[in-house]
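Each chain, letter by letter, is given below.
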Amino acid sequence: MPNWFYNQLIRAYRNKDKRKVQLLNECWFFYNQLEKKTE
């Protein structure tokens, strides 16, 4: 996980921003799915 992405996720958890946490999680899982298909 890129450092900038991790920092955004931690910041969203600390601020209890549920919408941002959900968005970041969806983006991360989508990115992982793309990575698995290209391998």
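Position numbers for residues count from 1 along each chain, tracking the sequence in the order it is written. Where totals are concerned, whole chains, interfaces and linings use all residues; where local detail is concerned, this predicted model gives features only for residues with pLDDT of at least 70, and gives and counts side-chain atom pairs only at 80 or more. Side-chain calculation: all heavy atoms of the structure are included, whereas hydrogens and water are not.

An unreviewed UniProt entry lists the chain under the name Cortex morphogenetic protein CmpA, from Chengkuizengella axinellae.

A.B. asks: Quick one: what's the story with the overall build of the chain, residue by residue and with numbers?
C.D. replies: Strands are runs of DSSP state E lasting at least 2 residues, helices are runs of H or I lasting at least 4, and numbering of each runs from the N terminus. Along its length, the chain carries two helices and zero strands. Dimensions of the chain, computed from C-alpha atoms along their principal axes, come out at roughly 35 × 20 × 5 Å. For the exposure calls, accessible area comes from a 1.4 Å probe over protein chains only, and a residue counts as buried if that area is under 20% of its type's maximum, exposed if over 50%, partly exposed in between. Relative to its full complement of 39 residues, the chain shows a buried share of 15%. In this description, accessible areas are obtained by the Shrake-Rupley approach with a 1.4 Å probe, and a residue is regarded as covered only by the protein chains that are shown. Accessible area of the chain: about 3,700 Å², with a carbon and sulfur share of 54%. Charge centroids of the chain, computed over 8 positive and 4 negative side chains, lie 10 Å from each other. Think of it this way: Lys and Arg go in the positive column, Asp and Glu in the negative one, and His and the chain ends go nowhere. Taken as the charge location is NZ of Lys, CZ of Arg, CG of Asp or CD of Glu.

A.B. asks: Explain helix α2 (residues 18–38) to me, and be specific about the residues and the numbers.
C.D. replies: Here, expected helix span is obtained from the residue count minus one, scaled by 1.5 Å. The terminal C-alpha atoms of α2, which comprises 21 residues, lie 31 Å apart, in line with the 30 Å expected from a rise of 1.5 Å per residue. For α2, the full list of buried residues reads Val 21, Leu 24 and Trp 28. Seen along its axis, α2 keeps its buried residues to an arc of 70°; they face one direction. Residues Lys 18, Arg 19, Phe 29, Phe 30 and Lys 37 are exposed on α2 and point more than 90 degrees away from its buried face. The directions considered for the arc are those from the helix axis to the C-beta atoms.

A.B. asks: So what's going on with unusual backbone geometry? Residues and values would help.
C.D. replies: Its identity as a non-glycine residue notwithstanding, Lys 16 has a phi of 55°, on the positive side. Following the sequence through the fold, Lys 16 ends up in the loop between α1 (3–14) and α2. Owing to a relative accessible area of 73%, Lys 16 belongs among the exposed residues under this scheme.

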